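Overview (structure and organization)
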Amino acid sequence: MEKGIPAHIGIIMDGNGRWAQQRGLVRTQGHLEGLKAAKRIVKAASVLGIKYLTLYAFSTENWKRTAEEVGFILGLVKQYLRAEFDFSRQNKIRVRHAGDFSVLPPDIQKEISDSIANTADFDGMQVILAINYGGRDEIVRALKKFALANQEADKISENDISSYLDNPDIPDPDMIIRSAGEYRTSNFLLWEGAYSELYFSDKLWPDWDKEDLETAILDFQKRDRRYGGVKA
Ligand code: IPE
Ligand code: IPE
Ligand code: MG
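Worth saying up front: this structure is predicted, and the values here are computed from it rather than measured. (Residues numbered from 1 in each chain as written. Chains lettered and ligands numbered in written order. Predicted model: local features only at pLDDT ≥ 70, side-chain atom pairs only at ≥ 80, totals over all residues. Heavy atoms only, no water.)

1. Description of the overall build of the protein chain
The helix and strand inventory of the protein chain stands at eight helices and six strands. Along the chain direction, N to C, the helices and strands of the protein chain fall in the order β-α-α-β-α-α-β-α-β-α-α-β-β-α. At 18 Å, the protein chain has a C-alpha radius of gyration in line with the 17 Å of a compact globule built from 232 residues. If you line up the protein chain on its principal axes, its C-alpha atoms span 55 × 45 × 35 Å. Nonlocal contacts in the protein chain, meaning residues at least 24 apart in sequence, comprise 76% of its contacts between residues at least 6 apart. About 12000 Å² of surface is accessible on the protein chain, with carbon and sulfur atoms providing 51% of the total. Here the protein chain contributes 32 positively and 35 negatively charged side chains, and the mean placements of these two sets differ by 3 Å. (Helix = DSSP H or I, 4+ residues; strand = E, 2+ residues; numbered from the N terminus. Rg over C-alpha atoms; globule rule 2.2 N^0.38 Å. Contact = heavy atoms within 4.5 Å. Areas by Shrake-Rupley, 256 points an atom, 1.4 Å probe, with all protein chains shown as cover. Lys, Arg positive; Asp, Glu negative; His and termini not counted. Charge placed at Lys NZ, Arg CZ, Asp CG, Glu CD.)

Below is the structure:
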């Protein structure tokens, strides 16, 4: 599966709550299993030669959930970053963040900054953790940065907006995957996803495995990306 591997895949990891509900478990148990799936998929993506993997872990809208669930999810992020450092080092995986960092709890901020700093020189796959990420919020923050740089509003271009987003050096996602049978993007990569190939799967996120990622990529390889043009 070498040829036609997408450079950047974004994943909306959905269905943890339903996975737990179906088993009579509490929602947090679903998030724990979701974390295991995320680890499997990071490993599989790294082996497949994907260069950038953006994982939607917590949206700007997810604060609407109970304090217990929010705390649990953010706690898992911390646990993930700590537990996976050896794997990151062995596989040269670089950790990055997308989203509004400033309002995250200080301990989560520290864990994320440490991981970013400790993996900054790794030249393998980049894993972008979208935590307190919202596509609209990212665009609003980009425009604020633009204004603070004293740029003239009437000169603003698409490239300017791209350059003030959270990770301007990362190419737009070739494919966005969503698990758990919902056909929406829920505020994920609004700007960057303008020409992403969308792939929806009914499978709940905690059940995702290497094969599911491979199936998604095989589907991607059949797509005809025209970008509004006409095939020669
Ligand atoms: C996705 O699973 C994980 C996060 C949003 C953090 P959900 O928790 O949304 O699971 P469902 O959609 O309720 O099944
Ligand atoms: C999107 O899932 C956010 C993440 C996967 C982190 P949600 O479960 O929050 O989205 P909605 O509420 O179904 O749109
Ligand atoms: Mg959901």
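After that view of the structure, there is still more to cover.
2. Overview of the pairing of strand β1 (residues 8-12)
Most of β1 is tucked away, with five of its five residues classed as buried. With burial as the criterion, each face of β1 is covered, one bearing H8, G10 and I12 and the other bearing I9 and I11. As judged from the four bridges shared by β1 and strand β5 (residues 175-178), these two strands associate in the parallel manner. Paired with I9 across the strands is M175, a residue of β5. (Buried < 20%, exposed > 50% of the residue type's maximum accessible area, 1.4 Å probe, protein only. Pairing = 2+ DSSP bridges.)

3. Observations regarding the pattern of salt bridges
Across all of its chains, the model carries 27 salt bridges by this definition. Across the salt bridge formed by D212 and K203, the nearest N and O atoms sit 3.1 Å from each other. Given a relative accessible area of 14%, D212 falls into the buried group. With relative accessibility at 34%, the residue K203 sits in the partly exposed group. Overlapping salt bridges bring together D14, R18, R178, E182 and R184 as one network. (Salt bridge = Lys/Arg side-chain N within 4 Å of Asp/Glu carboxyl O.)

4. Re the side chain of R178
If you trace the backbone, R178 turns up in strand β5. In this structure R178 comes out as buried when scored by relative accessible area, which is 5%. At a separation of 2.7 Å, a polar atom in the side chain of R178 contacts the side chain of S186. The contacts of R178, once residues within four sequence positions are left out, are I12, D14, R184, T185, S186, Y199, F200 and S201. (Polar contact = N/O pair within 3.5 Å; in protein donor to acceptor, adjacent residues only side chain to side chain.)

5. Quick look at helix α3 (residues 67-83)
Taking 1.5 Å per residue as the helical rise, α3 with its 17 residues ought to reach 24 Å, and the 24 Å between its terminal C-alpha atoms agrees with that figure. Buried residues of α3: E69, V70, I73, L74, L76, V77, Y80 and L81, and no others. Buried residues of α3, viewed axially, fall in a sector of 145 degrees; they line one side. For α3, the exposed residues set more than 90 degrees away from the buried face come down to A67, E68 and R82. Packed against the buried residues of α3 are α2 (27-48), β2 (52-59), α4 (85-91), β3 (94-98), α5 (106-119) and β4 (126-133). (Expected span 1.5 Å × (residues − 1). Arc of directions from axis to C-beta.)

6. With respect to the sheet that holds strand β6 (residues 197-200)
In space, the six strands of this open sheet follow the order β3-β4-β2-β1-β5-β6, with parallel pairing throughout. Edge positions in the sheet fall to β3 and β6, since each has one partner strand and no second. Taken over all neighbouring pairs, the strand axes of this sheet differ in orientation by 20 degrees on average, direction set aside. Where helix α8 (residues 210-221) meets the sheet, its contacts fall on β1, β5 and β6, and the angle it forms with β5 comes to roughly 135 degrees. (Axes fitted to C-alpha atoms, helices over the stretch in contact; angles between N-to-C directions.)

7. A few points about the nonpolar core
Among the nonpolar cores identified, the biggest contains 42 residues, and I9, I11, V42, I50, I177 and L213 are the most heavily contacted of them. Contributions of two or more residues to this core are made by β1, α2, β2, α3, α5, β4, β5 and α8. In terms of residue count, the dominant contributor to this core is α2 (eight residues). Beyond its immediate chain neighbours, meaning those up to four positions away, I177 contacts I9, G10, I11, I12, Y199, W208, L213 and A216. I12, A98, I128 and F188 belong to the second-largest nonpolar core, a separate cluster that totals 11 residues. (Core = buried A, V, L, I, M, F, W, Y, C linked by side-chain atoms within 4.5 Å.)

8. Quick word on the site of ligand 1
In the vicinity of ligand 1, 13 residues are found, and the nearest of them are D14, G17, R18, R27 and R65. N16 has a polar backbone atom sitting 3.1 Å from an oxygen atom of ligand 1. Between G17 and ligand 1, the recorded distance is 2.9 Å, taken from a backbone N or O atom to an oxygen atom. Here ligand 1, which alone exposes 380 Å², has 86% of that area covered by the protein. Put simply, the parts of the chain that give the shell around ligand 1 at least two residues each are α1 (16-22), α2 and α3. Its residues assigned to classes, the shell around ligand 1 shows three nonpolar, five polar and five charged. (Near = heavy atom within 4 Å. Nonpolar A, V, L, I, M, F, W, Y, C, P; charged D, E, K, R; others polar.)

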